[in-house]
Amino acid sequence: MGARLIFVMAFLLIVLFVIMGRLIYLGIFKQESYKKTVLAQQQYMNTEISYKRGDILDAKGNVLATSRKLYKVVLEPKNIIGKRTKKNGAEVKTENEKLITKALIKYLGVSSADVSKALSNSDSYYYDTLCERKTEEEIQGLKAYLKSEEGEDLNGIWLDESYERIYPNHTLACHAIGFVSDGDIGVGGMEQYYNSTLKGTNGRRYTYLNEELEYDTSIDEAVNGKTLVSTIDMTIQKYAEKYLNKFQKKYGSKNTSVLVMNPNNGEVLAMANSKTYDPANPMSEDNLEKYFKKSKLKKMDNKEKTNAYSSIWNNYIVSSTYEPGSTFKPFNVAMALETGVLTGDEMFTCNGYQTISGTTIRCSHVHGVIPLSTTIAKSCNDAMMQIAAKVGSKNFTKYQKEFGFGSKTGIDLPGEAGASSVLHNEDMADVDLATSSFGQSFQCTMIQLGSAFCSLINGGNYYQPHVVKQILDSNGNVEKNIGKTLVKKTVSEETCEKLKTYMRETVESGTARVAQIDEYDLAGKTGTAEKYPRGTNKRLVSFIGFAPYDNPQLMVYVTIDEIKKGSQSNTRLAVEMTRDILENSLDYMNVEQNIKQETD
């Protein structure tokens, strides 16, 4: 028993001496090797690298929205200071600390006290921000220095990059563009609809200690967003806003909107609304103070203020419905021509009213006996009711849907209203059929009527409206072309030619004579809609015009909701605005003008 115990104890002692020897060997002779291995595996710091959101350009390449790079200067106190020496009892700054301090003072204009304050947390590995929101111009001197021979080996200073969304033209085309919230969430307009296209992917920078116990960096590069080339023409947009603002300043309204389209491909060239905001700062009360009194704003609770912001962010052209009034009359005539109940040679007698199911519905005048063309030119309600009766409710509602009323157009903008809930079914009452013939008792959106109207003047082709025509990758290469999309054929070319002639007569001798100009032959249709509740004399007036009438290149649609000064039935104001926008835009587009006749 004793011998066995001695043997076991001896064996254990030998094992213990072997383990102790191994530990001494590893601790003394392999210490540095294992230290490097462990440290090399430990992450020191990682930071996010922001992507650049894609730009939004107009049709000619002008910038509507872009992202500006901003810099934050970050200091790592412990790494900058390092190990100071002492001289005569006082600490002596390291060369690294001296050079960085000197550079910061020289290139950023900060004081020595600012730098000292940022470095005061010298016992921490965490960083301190010296300054932020520095532009490329403000930081370029420091950037160049840090890449120089003297600056590239400095430790403890780095630049953190981020982006700020900017809109160089401020409120211009704000509803078509939209804005960005929380850095990368599009709200309204193209910013929202194409948010996933404009967004990129953030990268990341990893800083760690390598096997040489030196700082090393590994970078996963950010992927920038793609760029949109829109159909918006900044020059035409400016014309639309110029004449809209001129009207608002002189007369004012509850809302005025302008839609400009190329009738031959569905491109939206301009969208303007009377209530605007600055996309760079959409939540600023400066936006609200243009439309609400300060005393009223002070009384608003959060919900009321949110609703107020929504009212100015709303794109009326796409998201709001209204009764179109007489701008619908060309569609009523088109139905009759397409179904064959009219040939174009008919005469109508207007005695100033129609009595339908015991209800008297009046016309604006007693027009007497007039041809079909004049029913549009003089905007005769009596004749329109007679025409709708010939078409019948079944065909009437069929063609309303064929023209896209009650359905979304599919435009590449968010918040489009369908208006199907305010469209009659084929079993509508006779009174509803009569009032619908001149654009009352049902509702639509501007983009619905504008897109459908384009098909009446371009040969019968209904093109899907759109605001983006190209998508470019982050290097500017074309990734996708978005051309015209033919959705359907609405009417024949023969019907189109007749309607264009009738609407030319509207300008020459009808309700839109003020639209006449020497340079171009304009055509179109006026509209006046009495708003609900009836009898309040509140009206929405409009004019939809195009030119040249025999080969349309532009369509302009203006709606004015409740004119503040003067008569609310004054369609002349909508006609004048349309005329001015068309005249300037056609001249800008170098559309061939009429040949002037020489006189003796």
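Up top you'll find the structure we're talking about.
Residues numbered from 1 in each chain as written. Predicted model: local features only at pLDDT ≥ 70, side-chain atom pairs only at ≥ 80, totals over all residues. Heavy atoms only, no water.

Colleague: Could you give me a rundown of a negative patch on the surface, with the residues and numbers involved?
Modeller: Negative charge collects at one region of the surface, where Glu-95, Glu-149, Glu-150, Glu-152 and Asp-153 lie side by side. A relative accessible area of 52% means that Glu-95 is categorised as exposed. (Patch = residues over 30% accessible without salt bridge, like charges linked within 9 Å, V, L, I, M, F, W, Y side chains within 5 Å. Areas by Shrake-Rupley, 256 points an atom, 1.4 Å probe, with all protein chains shown as cover. Salt bridge = Lys/Arg side-chain N within 4 Å of Asp/Glu carboxyl O. Lys, Arg positive; Asp, Glu negative; His and termini not counted. Charge placed at Lys NZ, Arg CZ, Asp CG, Glu CD. Buried < 20%, exposed > 50% of the residue type's maximum accessible area, 1.4 Å probe, protein only.)

Colleague: Can you explain the sheet that holds strand S25 (residues 554-563)? Please cite residues and give values.
Modeller: Taken in spatial order, the five strands line up as S14-S13-S25-S24-S23 in an open sheet, and their pairing is antiparallel. A strand with exactly one partner marks an edge of an open sheet, and here the two such strands are strand S14 (268-273) and strand S23 (523-530). With strand direction ignored, the average angle separating the axes of adjacent strands in the sheet is 10 degrees. Note that strand S24 (residues 539-547) and S25 share eight bridges and pair antiparallel. Looking at S25, one finds that Phe-546 is bridged to Met-555. Taken strand by strand, helix H20 (residues 446-457) contacts strand S13 (253-261), S14, S24 and S25, and its axis lies near 35 degrees from that of S13. Against the sheet, helix H21 (residues 493-509) contacts S23 and S24, and its axis sits at roughly 75 degrees relative to S23. (Pairing = 2+ DSSP bridges. Helix = DSSP H or I, 4+ residues; strand = E, 2+ residues; numbered from the N terminus. Axes fitted to C-alpha atoms, helices over the stretch in contact; angles between N-to-C directions. Contact = heavy atoms within 4.5 Å.)

Colleague: Please set out the nonpolar core residue by residue, giving values where relevant.
Modeller: Grouped together as the largest cluster of nonpolar side chains are 87 residues, with contacts concentrated most on Met-190, Leu-259 and Phe-403. If near-sequence neighbours (up to four positions away) are discounted, Met-190 is found in contact with Ile-56, Ala-176, Ile-177, Asn-195, Leu-198, Leu-228, Ser-230, Leu-413, Val-467 and Val-468. Membership of the second largest hydrophobic core comes to 33 residues, among which are Ala-240, Val-258, Val-260 and Leu-586. (Core = buried A, V, L, I, M, F, W, Y, C linked by side-chain atoms within 4.5 Å.)

Colleague: Please give an account of a nonpolar patch on the surface that cites residues and values.
Modeller: A cluster of nonpolar residues, Leu-5, Met-9, Phe-11, Leu-12, Val-15 and Ile-19, forms a patch on the protein surface that exposes about 570 Å² of accessible area. By the secondary structure assignment, Leu-5 is in helix H1 (residues 2-28). A relative accessible area of 54% places Leu-5 in the exposed class.

Colleague: Tell me about the packing of helix H15 (residues 329-339) against helix H17 (residues 381-391), and name the residues and values.
Modeller: With their axes 9 Å apart at the nearest point, H15 and H17 run at an angle of 35 degrees to one another. With respect to the hand of their crossing, H15 and H17 are arranged in left-handed fashion. In this structure, H15 uses Lys-329, Asn-332, Val-333, Met-335 and Ala-336 to contact H17, whose residues at the interface are Asn-381, Met-384, Ile-387, Ala-388 and Val-391. Across the contact of H15 with H17, the residue classes break down as seven nonpolar, two polar and one charged. (Left-handed = near helix turned anticlockwise from the far one by under 90°. Nonpolar A, V, L, I, M, F, W, Y, C, P; charged D, E, K, R; others polar.)

Colleague: Account for unusual backbone geometry, naming residues and giving values.
Modeller: For residues other than glycine, phi is negative in most cases, and the peptide bonds are mostly trans. Cis geometry marks the peptide bond from Tyr-532 to Pro-533; its omega dihedral reads -10 degrees. As for its placement among the helices and strands, Pro-533 is situated in the loop between S23 and S24. With an omega dihedral of -20 degrees, the bond running from Ala-547 to Pro-548 counts as a cis peptide bond. Looking at the secondary structure, you find Pro-548 in the loop between S24 and S25. If you check the backbone angles, Ala-173 has positive phi at about 55 degrees while not being a glycine.

Colleague: Let's hear about the packing of aromatic side chains: which residues, and what values?
Modeller: In this description, a pair of aromatic rings is defined by centroid distance and the angle of the planes. Counted by the stated rule, this structure contains 17 aromatic pairs. Residues Phe-179 and Trp-313 carry aromatic rings whose centres are separated by 5.0 Å and whose planes lie at 55 degrees to one another, so their mutual orientation is tilted. Of this pair, Phe-179 sits in strand S8 (residues 179-181) while Trp-313 sits in helix H13 (residues 302-313), and the two are 134 residues apart along the sequence. With relative accessibility at 4%, the residue Phe-179 sits in the buried group. Seen from their ring centres, Phe-328 and Phe-396 are 5.9 Å apart, and the 55 degrees between their planes marks the pair as tilted. Within this pair, whereas Phe-328 is found in the loop between helix H14 (316-319) and H15, its partner Phe-396 is found in helix H18 (residues 393-402), the two being separated by 68 residues in sequence. Taking relative accessible area as the criterion, Phe-328 reaches 0% and is therefore assigned buried. Since its relative accessible area comes to 0%, Phe-396 is described here as buried. Pairwise contacts between aromatic rings join Phe-328, Phe-331, Phe-396, Tyr-399, Phe-403, Phe-405, Phe-442, Phe-453 and Phe-546 into one cluster. (Phe/Tyr/Trp six-rings, centres within 6.5 Å; stacked < 30°, edge-to-face > 60°.)

Colleague: Can you explain the pairing of S25? Please cite residues and give values.
Modeller: Within S25, 10 of the 10 residues are buried, which leaves the element mostly enclosed by the surrounding structure. Two strands pair when backbone bridges link them, and S13 and S25 are joined in this way by eight bridges, in the antiparallel orientation. Paired with Val-258 across the two strands is Val-558, which belongs to S25. Counting the residues in the hairpin turn of S24 and S25 gives six residues.

Colleague: Please set out the pattern of salt bridges residue by residue, giving values where relevant.
Modeller: Scanning the entire structure with this criterion turns up 24 salt bridges. Note that Glu-494 and Lys-498 form a salt bridge whose closest N and O atoms lie 3.7 Å from each other. Taken together, the residues span about one helical turn, with Glu-494 and Lys-498 both in helix H21 at a distance of four residues. On the basis of relative accessibility, which here comes to 54%, the residue Glu-494 falls in the exposed class.

Colleague: Explain the packing of helix H4 (residues 95-108) against helix H6 (residues 136-147) residue by residue, including any values.
Modeller: For the pair H4 and H6, interaxial distance at closest approach is 9 Å and the crossing angle is 150 degrees. Taken together, H4 and H6 sit at an angle that is classed as roughly antiparallel. Considering only the axes of H4 and H6, their crossing is right-handed. Two secondary-structure elements touch here, H4 through Leu-99, Ala-103, Leu-104, Tyr-107 and Leu-108 and H6 through Glu-138, Ile-139, Gly-141, Leu-142 and Tyr-145. Class assignment of the residues belonging to the contact of H4 with H6 gives a composition of eight nonpolar, one polar and one charged. (Parallel < 35°, antiparallel > 145°, perpendicular 65-115°, else oblique.)

Colleague: Before we move on, can you summarise the state of the cysteines with the specific residues and values?
Modeller: Counted according to the given criterion, the structure contains zero disulfides. With no disulfide of its own, Cys-380 lies closest to Cys-350 among cysteine sulfurs, the gap being 3.6 Å. Assessed through its relative accessible area of 0%, Cys-380 is described here as buried. (Disulfide = S-S within 2.5 Å.)

Colleague: I'd like a rundown of the environment of Phe-179, residues and numbers included.
Modeller: With 301 residues separating them along the chain, Phe-179 and Lys-480 place their C-alpha atoms 23 Å apart. Once residues lying within four places of it in the same chain are set aside, the contact partners of Phe-179 are Tyr-167, Ile-185, Gly-186, Val-187, Gly-188, Glu-191, Tyr-277, Pro-279, Pro-282 and Trp-313.

Colleague: Requested: an account of the side chain of Gln-568, with residues and values cited.
Modeller: By secondary structure assignment, the location of Gln-568 is in the loop between S25 and helix H22 (572-588). Here Arg-539 takes part through its backbone nitrogen, which lies 2.8 Å from a polar atom of the side chain of Gln-568. Among residues more than four places away in sequence, those in contact with Gln-568 are Asn-537, Lys-538, Arg-539, Val-541, Glu-562 and Ile-563. (Polar contact = N/O pair within 3.5 Å; in protein donor to acceptor, adjacent residues only side chain to side chain.)

Colleague: Outline H22, listing residues and values.
Modeller: Between its first and last C-alpha, H22 extends 24 Å over 17 residues, near the 24 Å set by a 1.5 Å rise per residue. Tucked into the core, H22 has its buried residues touching helix H10 (234-250), S13, S23, S24 and S25. Of the residues flanking the end of H22, it is Asn-590, one or two places downstream, whose phi is positive at about 60 degrees. (Expected span 1.5 Å × (residues − 1).)

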